[in-house]
Amino acid sequence: MLRDMSLRVRMPERTFATVDHIVPTDKRVEPFDDPLADAMIKELRNNCVEHSITYFDLDSGRQGIVHMVGPEQGITQPGTTIACGDSHTSTHGAFGAIAFGIGTSQVRDVLATQTLAMSKLKVRRINVDGELGPGVYAKDVILHIIRTLGVKGGLGYAYEYGGDVFDRMSMEERMTVCNMSIEGGARCGYVNPDQTTFAYLEGRPYAPTGEAWQSAVERWRSIASDPGCHYDDVVDIRAEDIAPTVTWGINPGQAISIDEQIPIVEDAPESDKDSLTEALNHMKLTSGQSIKGEKIDVAFLGSCTNARLSDFVEVAKYLKGHKVDPKVHAIAVPGSQIVKLQCEELKIDQVFKDAGFEWRDAGCSMCLAMNPDKLIGDQLCASSSNRNFKGRQGSPTGRTVLMSPVMVAAAAVTGMISDAREVFGVSKGVMA
Amino acid sequence: MALEAIAGVRGKGVYVPGDDIDTDRIIPARFMKCVTFEGLGEYLFYDVCHHEDGSAKAHPLNDERYAGATILLTGSNFGSGSSREHAPQALYRHGFRAVIAESFAEIFFGNSITLGMPCVTAEKGAIAEIASLLEKDPDLVIEIDIAKGVIAVADKHFEAKLPASAQTALLRGRWDPLAELLEGEEAITTTAARLPYLAGK
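Residues numbered from 1 in each chain as written. Chains lettered and ligands numbered in written order. Predicted model: local features only at pLDDT ≥ 70, side-chain atom pairs only at ≥ 80, totals over all residues.

A. Representation of the overall build of chain B. Within chain B, the regular secondary structure consists of nine helices and seven strands. Each principal axis of the C-alpha atoms in chain B carries an extent, and together these give about 65 × 45 × 25 Å. Looking at chain B as a whole, 45% of its 201 residues qualify as buried. (Helix = DSSP H or I, 4+ residues; strand = E, 2+ residues; numbered from the N terminus. Buried ≥ 20, exposed ≤ 12 C-beta atoms within 10 Å, placed from the backbone.)

B. Highlighting the overall build of chain A. Looking only at helices and strands, chain A features 14 helices and 15 strands. Radius of gyration (C-alpha) of chain A: 21 Å, near the 22 Å computed for a compact globule of 432 residues. Overall, chain A is about 55 × 55 × 45 Å in size when its C-alpha atoms are taken along their principal axes. Burial analysis of chain A (432 residues in total) assigns 54% to the buried set. Considering only contacts in chain A between residues 6 or more positions apart, those separated by 24 or more positions represent 74%. (Rg over C-alpha atoms; globule rule 2.2 N^0.38 Å. Contact = placed C-beta atoms within 7 Å.)

C. Molecular detail of the domain arrangement of chain A. Residues and elements named next belong to chain A. As assigned here, chain A comprises domain 1 (12-113), domain 2 (122-241) and domain 3 (245-424). Each of domain 1 and domain 3 has a C-alpha centre, and these two points are 25 Å apart. Contact with domain 1, which involves 20 residues of that partner, is made by 21 residues of domain 3. The dominant element in the side of domain 1 that touches domain 3, judged by the number of residues it contributes, is helix α2 (residues 66-73), at four residues. When grouped by side-chain class, the residues that make up the side of domain 1 that touches domain 3 number seven nonpolar, eight polar and five charged. (Domains from an automatic or database assignment. Nonpolar A, V, L, I, M, F, W, Y, C, P; charged D, E, K, R; others polar.)

D. Local environment of the interface of chain B and chain A. Listed as interface residues are 39 residues of chain B and, on the opposing side, 43 residues of chain A. Put simply, the parts of the chain that give the side of chain B that touches chain A at least two residues each are α1 (23-26), α4 (106-114), α7 (178-183) and α9 (196-199) of chain B. Top contributing element to the side of chain B that touches chain A by residue count: α4 of chain B, with five residues. Of the residues contributing to the side of chain B that touches chain A, the split by class is 15 nonpolar, twelve polar and twelve charged.

E. Up close: the environment of P31 of chain A. Residues and elements named next belong to chain A. Residue placement: P31 occurs in the loop between β1 (16-18) and α1 (35-50). Residue P31 is classed as exposed on the basis of its C-beta count, with 11 C-beta atoms lying within 10 Å. Counting along the chain gives 215 residues from P31 to V246, while the straight-line C-alpha distance between them is 38 Å.

F. The sheet that holds strand β4 (residues 119-121) of chain B, seen in detail. Residues and elements named next belong to chain B. Across the sheet, seven strands lie side by side as β4-β3-β2-β1-β5-β6-β7; this open sheet has mixed pairing. For this open sheet the edge positions go to β4 and β7 (156-159), each flanked by a neighbour on one side alone. Neighbour-to-neighbour, the strand axes of the sheet open up by a mean angle of 30 degrees, direction not taken into account. One ladder, built from five bridges, connects strand β1 (residues 8-15) with strand β5 (residues 141-145); its direction is antiparallel. From the neighbouring strand, G8 faces β5, where its bridge partner is D145. (Pairing = 2+ DSSP bridges. Axes fitted to C-alpha atoms, helices over the stretch in contact; angles between N-to-C directions.)

G. Molecular detail of α1 of chain A. Residue and element names in this part refer to chain A. When the terminal C-alpha atoms of α1 are compared, their 22 Å separation across 16 residues agrees well with the 22 Å that a helix rising 1.5 Å per residue should span. Buried within α1 we find A37, M40 and C48. Here the buried residues of α1 occupy an arc of 60 degrees about the axis, which is enough to place them on one side. Facing away from the buried side of α1 by over 90 degrees, the exposed positions are P35, E43, N46, V49 and E50. Positive phi shows up at S52, right after α1, with a value of about 55 degrees. (Expected span 1.5 Å × (residues − 1). Arc of directions from axis to C-beta.)

H. Focus on the pairing of strand β14 (residues 380-383) of chain A. Residue and element names in this part refer to chain A. Where burial is concerned, the two faces of β14 agree: the one with L380 and A382 and the one with C381 and S383 are both buried. As judged from the four bridges shared by β14 and strand β15 (residues 399-402), these two strands associate in the parallel manner. Looking across to β15, one finds that C381 is bridged to T400.

I. Structural view of the nonpolar core. V246, A299, A382, V408 and A412 of chain A together with I100 of chain B are the most contacted members of the largest nonpolar core, which totals 176 residues. A total of eight residues in this core trace back to one element, the largest contributor, which is helix α13 (residues 405-414) of chain A. The contacts of V408 of chain A, once residues within four sequence positions are left out, are A299, F300, L301, A382, S383, S384 and M403 of chain A. (Core = buried A, V, L, I, M, F, W, Y, C linked by C-beta atoms within 7 Å.)

J. Up close: the sheet that holds strand β11 (residues 298-301) of chain A. Residues and elements named next belong to chain A. The strand order β13-β12-β11-β14-β15 describes an open sheet built from five strands, whose pairing is parallel. The open sheet has two edge strands with one neighbour each: β13 (358-359) and β15. Seen against the sheet, α13 touches β11, β12 (329-332) and β14 and runs at an angle of roughly 155 degrees to β11.

K. Spatial organisation of the packing of helix α10 (residues 309-319) of chain A against helix α12 (residues 348-355) of chain A. Residues and elements named next belong to chain A. Two elements in contact, α10 and α12, have axes separated by 9 Å at closest approach and are oriented at 50 degrees. As far as their axial angle goes, α12 and α10 are oblique. Helix-helix and strand crossings are classified by hand; for α10 and α12 the assignment is left-handed. When α10 is examined against α12, the residues F312, V313, A316 and L319 are found in contact with a partner set consisting of I348, V351, F352 and A355. (Parallel < 35°, antiparallel > 145°, perpendicular 65-115°, else oblique. Left-handed = near helix turned anticlockwise from the far one by under 90°.)

L. Quick peek at the environment of A369 of chain A. Within the secondary structure layout, A369 of chain A lies in the loop between β13 and β14. Linking A369 of chain A and T18 of chain A, residues 351 residues apart in sequence, is a C-alpha distance of 18 Å.

M. Main features of the confidence of the model for chain B. Of the residues in chain B, 98% reach a pLDDT of 70 or more, and the chain-wide mean stands at 94. Reported confidence for the predicted complex is 0.92 by ipTM and 0.96 by pTM. (pLDDT = per-residue confidence, 0-100.)

As structure tokens, then:
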């Protein structure tokens, strides 16, 4: 698009690229088996050279899902505005950045001008206060928020997440929550920067150093929302009300806690009946039934929502000594080459391999199936990803149940949707 | 870049019922492995329009009576999910020039306006009434007046809403913001010099 208009990239030094959606996660030898994917990676490589854009390629050791790479490299910083051609760019909001997923034409606008034309957003503060129970993770927090506010509840809003639970969360946990802001309809989501943020960034390749670091931290502190400031809307949620949460339908708002029953169509408001019926038909589930015990075919542990080091560490803690049910195809896909290496240094990969998981290379994998990892027919997948839309995982009739990584592991070893707290005797852990 | 002003859209309509129709449904990800948008039109709503063997399913877009429709009518939160511009591109390349829905997901809305494809909202009841008029007479011409915010069908009129910024952009032929952004070069340079992380301070 730029070439057609004889435009150049306005700030190549502020522009970064990597490859994630289309890369195979098992056989990474080029040329890729898929000629279209192969053409795309070559085009990206050429364009980055032509426009002097830093590109984290497959052989860089720093390739991965773009929303992992930015934070890992310290490119994602508080107070910055970040745009990327992927809706889960909201992930970067965990650092107190305003981060937007944009379409291709808007990517063109950003490349050409380093600016974006947008309307002002309203701000909704979402407080989660109290103590999360054992086996309840950041993934459950965001699934609970979306379930409560609805998939269109966030239209016109930026979500600001705060309260005790967020204050105590690690950066990786905050990323899991901000990642799915878009699933609640919000244009972006963020957490105010604090000491946890600064500690994460210090020493990363693109983070400021020396005196510049000191003044950056001072500036970052100053941009956090003031206590008592005005919000367009405030929502309060009690941490104690959040249980391990799973989706049962075809959008991320169609979720229940693992102990609940699927909604009864007859009891639902008139306006929801059609969509509930459509979801039940697609998922081959019945109104009023429990989701627990539903047989699964595939377990997918990966995606920009949950494929960070802490996710694998926490799962490995429980998975050790267990075996994946022989009927289940289980894959573990680190979100970045760095995460993969860290897991291997900690010998966590061995825990996954011993249990019967395939241990893959970094990429988006089965979250959206633009690569060889796909569901077949109406397979049911226990997935740590972010979207359970019809056809999302590559088969038009495929079925996705979203949940936390530990719940995916519980489903993998039992062969059915299960309560991880019962399967593993889960106690209080720290993980996204 | 002088663009054509879009004061209205006129044409046959088709109603695709449903709320929260996401962009994965509008254009499944496997059709996005492309370096241009050409040819996306044929994959519009592919999985809801086709059986797995490729044969046609019963779907409004496969209904001959609505062939040639340029205005899509649908439910709420249309275009939710992925930021893929491939979704509005597939609609546009299939022949659609406007969408009427109860509400739109924001990234989809922005992507559509940038293509010059107006997305207007109407009340649920209005959409249902237009849908029932189309059911009786698929050849009815729908007319969306962007300036007045009105949808006219047969002798009936319904309110059409559009944010003021998008309305102005369409009416003034400035729906693609790039020209305006490029004109802001001076402001961009000034702002960049002021931002510590850009100025290397």
